[in-house]
Amino acid sequence: MKRRLNRSLLLFWVCLMTLSSTLGQTAKSRPQARTGTANDAKTATKRGAHELARTLPAPNLAKEPTLYTVGYAHLDTEWRWEYPQVIQEYLTKTMRNNFALFEKYPHYIFNFTGANRYRMMKEYYPGDFERLKQYVAAGRWFPAGSSMEEGDVNSPNAESIIRQILYGNNWFRREFGMASD
């Protein structure tokens, strides 16, 4: 009797092994990576961490594994909370907290998905939405993803998934002049 391969389990295992390998390589490289001294720490408090980071030599990416991270907020608007809470609390916090981070950290980049959430931002907070569009144009806020909502892709039929992507990408093109690749 042939055993069937569980694709989900295999994918999970591959992701876990990749992450484990990446973390192991990063941990091994830490002693050789850029490390600061006590004087660097004192200097950082006087001049600011950004200035100190600019004075340190750039890492050699061929020899030093480097992990880059990009901020992202996952907001399931169909799960557990109601739209008034999403609109009044979560969308405003997503926008305004990230606006503050943009001002504080000049190299901060952020991703956010779901055309429907952007639609609600535009409808309920037009001033904040215009500010958001400026960050999008500057390449600091990325409208990621393609669909109107982050729906479940395991249960719906293919037509509904494709429709979500078509509507979402059309909305992104109309509002931001771009769509997800």
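Here is a short report on the structure shown in this document. Treat the numbers as computed from the prediction; the structure is a model and nothing was measured. (Residues numbered from 1 in each chain as written. Predicted model: local features only at pLDDT ≥ 70, side-chain atom pairs only at ≥ 80, totals over all residues. Heavy atoms only, no water.)

## Some words on the overall build of the chain
Piece 1. Tallying secondary structure elements over the chain gives seven helices and three strands in all.
Piece 2. The linear arrangement of helices and strands in the chain, starting from the amino end, is α-α-α-β-α-β-α-α-β-α.
Piece 3. Of all 181 residues assigned to the chain, the portion counted as buried reaches 26%.
Piece 4. Counting only contacts in the chain whose residues sit at least 6 apart along the sequence, the fraction spanning at least 24 positions is 70%. (Helix = DSSP H or I, 4+ residues; strand = E, 2+ residues; numbered from the N terminus. Buried < 20%, exposed > 50% of the residue type's maximum accessible area, 1.4 Å probe, protein only. Contact = heavy atoms within 4.5 Å.)

## Notes on the sheet that holds strand β3 (residues 141-144)
Piece 1. Ordered in space as β1-β2-β3, the three strands form an open sheet in which the pairing is parallel. Among the strands making up the open sheet, the edge pair consists of β1 (71-73) and β3. Going across the sheet, the axis of each strand differs from the next one's by a mean of 25 degrees, ignoring polarity.
Piece 2. Summarising the sheet, strand β2 (residues 110-113) and β3 pair through four bridges and their orientation is parallel. Pairing of F112 across the sheet is with P143, part of β3.
Piece 3. This element, helix α5 (residues 115-124), spans β2 and β3 of the sheet and lies at about 100 degrees to β2. (Pairing = 2+ DSSP bridges. Axes fitted to C-alpha atoms, helices over the stretch in contact; angles between N-to-C directions.)

Don't take any of this as a statement about function, it's just geometry.
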